[in-house]
Every structure is written in C-alpha cells, then in structure tokens.
Amino acid sequence: MPAITATDLTKQYKDTLAVDRIAFEVREGECFGFLGPNGAGKTTTMKMIYGHSPITSGRLEVFGIDVRTRVREVKAQTGVCPQEDNLDPDFTVRRNLVVYCRYFGIDPAEAAKRSEELLEFVALREKADGPVMALSGGMKRRLVLARALLNRPRLLILDEPTTGLDPQARQVLWEKIRELRRKGTTILLTTHYMEEAAQLCDRLVIMDKAKILVKGSPAELTAKHARPTVVEVWNPPAAAEAWVKARGTPCERHGDRLYAYPDAGEALQRELVTRFNAEQVIVRRGTLEDVFLRLTGRDLRE
Ligand code: ADP
C-alpha cells in the first residue's frame, strides 16, 4: 500500500486556485520532495495531507485512510514540522515536548520517557532545562523535529526544514532526516534548496502555478531535463558570445552569465580562455537546479 495517494487533488481558496487537480503517489519508507517557486502550492498540499486545510475536491488517502472523513486517524500517524518555529517561548526546551504529548493523549510517564529519548536523538539534552529563547536557529529546528516525532509518526512532513540555517546546522538536520528514513519513516519534504532535494529525496515533484510539472528521482529528472554539460561564462566578452553561437553550440544568456551546452566542456572552456581572455569560465555537470530553472523560468516570484 502506498503511504499517500492523491488524485485530482484540488484546493481553491476564495479567489486563488492554489492546487489544481494534482496526482501523485508516495511509497512507504521513501523521502519524497515537493519543489517549486513561491506560491506554487507546496505548503497547501502539505496542509491538506496533514488535515490542516480541507480539500476542495479530489481524493487524498494517507496509509489508505481518506483524509476527508477520517482526519483524526491521519493526524495520529503524522508528524509535522511547519515552516514557522511555533515553539512555546514560555516553556523550557523539555517542557515544549512534554506538554505537546497531551495533544496525543500520551500519559505523563510515557511523555517523560519519549521526551528524553527525543532530546537525545536531536542532541539537545544539555539544553533541556533552558529556555527556548536560548537556542540557536538550528537547535530550534531540531526541537521542532523532536516534537514532530513524539507520536512516533509513520509519516513525517517537513516544510522547508533548513531554511535560514547555516551549513553546519543544515548538515546535522540532514543526518537526522536520513536516520529517520533508514528506520522506515516516510518523509515528505518541501525545500528551496536543490542540493537538499538531490541529497535527501528518493523521488520528487516540481510544482508551479498549482500544477505538478514533472516527477521522478533526482537522477532521472536531471538526465531527462538538464543538459549533461554546462559551461558558464561570467561577464562574457561580446565577441565570445557571438562566437559560441556561430559555432552552433546551444547557449543562453541570463544577466551577466552566458550558459553554453557543448558536447565537450573542457575544449570549449580552453577556447574561450585562449581566444577571448574570458576570465571566469567553469565547466560543470547539469544539476537539479538547471532542471528547476528550465521548467519554472527565471522570473522572480515574491
Ligand atoms: P508555496 O508553499 O508553494 O509557496 P502556497 O501553498 O503557500 O505555495 O500558496 C499557493 C497559493 O495559495 C498562493 O497564491 C498563496 O498566496 C495562496 N494561499 C496560500 N494560503 C492561503 C490562504 N490561507 N488563503 C488564501 N490564499 C492562500
């Protein structure tokens, strides 16, 4: 049985069609990503899955349970890390966990036990008796993760779990997410970081304007929608751009960069440097970020 099945899933806010008849399936035990520019409909999709936002039409099942009619059962098996850190600033770190257990009707002895286990898991034991305010951004995200795990969920939903974190804090969180996945938890993740998606997700979808554009593993999507080799030229001399075009190499210009897609990257790089004195020329493989920009465009979404 799949962990999540969505067909024709739709969400209409008053004047906004936020999710437009999307279909996807999440397998039990995989990490599944939702990527897309701001306003694509990712958070709304998450909210429908964890029963925070009623679906307008379509079907949505979590572990075979219809979210429309049996939302409490879905919530019992789901853990959620929302985008905002909605921790209680009046409580200590530990108390934030213990008190949250009440939502699930977990008895006090069990609540104390689970809280200790999870403080250990997210490496916050030493901070347990201090105020939430004293935690760094990364620690707060880890506490939110611990809180989402109190009911031992089969499905964990992470809405932009590492936004705003420094690279070290991000790495720590990735490690925890991988560990949970290894233990069999199904994980849904939204992120703006393509590297994060490529590192963590078994499969993912890219959404834009309420629709799913593509689905697949990071490797499949990169193979299908990105060029294998990219040569990036920063501030290219005008003659260089004309020359790349004239030799028939596909290329495009965005701002101060020229992107060329040759068969042989190093050869083109050498020529650009020797012929035109181009200063910053890099050769790299096509990435998920290229796929994302190609499919959703480069316009700013506020
Ligand atoms: P994403 O998470 O991909 O940034 P959202 O799901 O937050 O996208 O938003 C999708 C669209 O729905 C946006 O146009 C947004 O403005 C709109 N939207 C989100 N939440 C609400 C709401 N509570 N009421 C009305 N419109 C909303």
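Just so you know, these numbers come straight off a predicted model, no measurement behind them.

Colleague: Quick question: what am I supposed to make of the nonpolar core here?
Modeller: For soluble globular proteins, nonpolar side chains are generally found buried alongside one another. L35, L143, L145, L156, L158, L204 and L288 are the most contacted members of the largest nonpolar core, which has 47 residues in total. With six residues, the single largest contributor to this core is helix α5 (residues 137-148). Beyond its immediate sequence surroundings of up to four residues, L288 is in contact with L35, M194, A197, A198, L204, P218, L221 and T222. Counting 30 residues, the second largest nonpolar core, distinct from the first, contains I4, F34, L60 and I212.

Colleague: Can you walk me through the sheet that holds strand β13 (residues 257-260) in this structure?
Modeller: Here we have four strands laid out as an open sheet, ordered β12-β13-β11-β14, and antiparallel in their pairing. The open sheet has two edge strands with one neighbour each: β12 (251-254) and β14 (280-285). Pairs of neighbouring strands in the sheet enclose a mean axial angle of 20°, with direction left out of account. Pairing geometry for β12 and β13, over four bridges, is antiparallel. Bridged to R253 within β13 is L258. Packed onto the sheet, helix α10 (residues 265-276) meets β11 (229-234), β13 and β14 and runs at close to 175° relative to β14.

Colleague: Explain the site of the ligand here, please?
Modeller: Looking at the ligand, the residues that line it are Y13, T16, A18, P37, N38, G39, A40, G41, K42, T43 and T44. A distance of 3.0 Å is found between an oxygen atom of the ligand and a backbone nitrogen or oxygen belonging to A40. The separation between an oxygen atom of the ligand and a polar side-chain atom of K42 is 2.8 Å. Isolated, the ligand exposes 550 Å² of accessible area, and the fraction of that covered by the protein chains is 59%. The dominant element in the shell around the ligand, judged by the number of residues it contributes, is helix α1 (residues 42-49), at three residues. By residue class, the composition of the shell around the ligand is four nonpolar, six polar and one charged.

Colleague: Would you mind going over the packing of helix α3 (residues 93-100) against helix α4 (residues 108-121) with me for this structure?
Modeller: When two helices pack together, their arrangement is given by the angle between the helix axes and the distance between those axes. As a packed pair, α3 and α4 sit with axes 9 Å apart at the nearest point and diverge in direction by 135°. Considered as vectors, α3 and α4 are oriented oblique to each other. For the pair α3 and α4, the sense of crossing is right-handed. Side by side, α3 and α4 meet where V93, R94, L97 and V98 of the first sit next to A111, S115, E116 and L119 of the second. Class assignment for the residues of the contact of α3 with α4 results in five nonpolar, one polar and two charged.

Colleague: Sorry if this is basic, but what is going on with helix α6 (residues 167-182) here?
Modeller: Relative to the 22 Å expected for 16 residues at 1.5 Å per residue, α6 spans 22 Å between its end C-alpha atoms, a close match to the ideal helical length. Among the residues of α6, those classed as buried are A169, R170, L173, W174, K176, I177 and L180. For α6, the angular spread of the buried residues around the axis is 160°, confining them to a single face. Summarising the geometry of α6, the exposed residues directed more than 90 degrees from the buried face are P167, Q168 and R182. Against the buried residues of α6 lie α4, α5, β7 (155-159), β8 (186-190) and α7 (194-200).

Colleague: Explanation requested: the sheet that holds β7 in the structure shown.
Modeller: Each strand in a sheet pairs with its neighbour through backbone hydrogen bonds, running either in the same direction (parallel) or in the opposite one (antiparallel). The six strands are arranged β6-β7-β8-β3-β9-β10 in an open sheet whose pairing can be described as mixed. The sheet is open, and its two borders are formed by β6 (78-81) and β10 (211-216), each paired with just one other strand. With direction set aside, neighbouring strand axes in the sheet form an average angle of 15°. Relative to β8, β7 is paired through five bridges, and the arrangement is parallel.

Colleague: Please explain the state of the cysteines as it appears in this structure.
Modeller: Put plainly, two cysteines are in a disulfide when a covalent bond ties their sulfur atoms together. Across all of its chains, the model carries zero disulfides by this definition. For the unlinked cysteine C31, the closest cysteine sulfur is that of C201, found at 4.3 Å.

Cut-off values and rules
- Residues numbered from 1 in each chain as written.
- Predicted model: local features only at pLDDT ≥ 70, side-chain atom pairs only at ≥ 80, totals over all residues.
- Heavy atoms only, no water.
- Core = buried A, V, L, I, M, F, W, Y, C linked by side-chain atoms within 4.5 Å.
- Buried < 20%, exposed > 50% of the residue type's maximum accessible area, 1.4 Å probe, protein only.
- Helix = DSSP H or I, 4+ residues; strand = E, 2+ residues; numbered from the N terminus.
- Contact = heavy atoms within 4.5 Å.
- Pairing = 2+ DSSP bridges.
- Axes fitted to C-alpha atoms, helices over the stretch in contact; angles between N-to-C directions.
- Near = heavy atom within 4 Å.
- Polar contact = N/O pair within 3.5 Å; in protein donor to acceptor, adjacent residues only side chain to side chain.
- Areas by Shrake-Rupley, 256 points an atom, 1.4 Å probe, with all protein chains shown as cover.
- Nonpolar A, V, L, I, M, F, W, Y, C, P; charged D, E, K, R; others polar.
- Parallel < 35°, antiparallel > 145°, perpendicular 65-115°, else oblique.
- Left-handed = near helix turned anticlockwise from the far one by under 90°.
- Expected span 1.5 Å × (residues − 1).
- Arc of directions from axis to C-beta.
- Disulfide = S-S within 2.5 Å.

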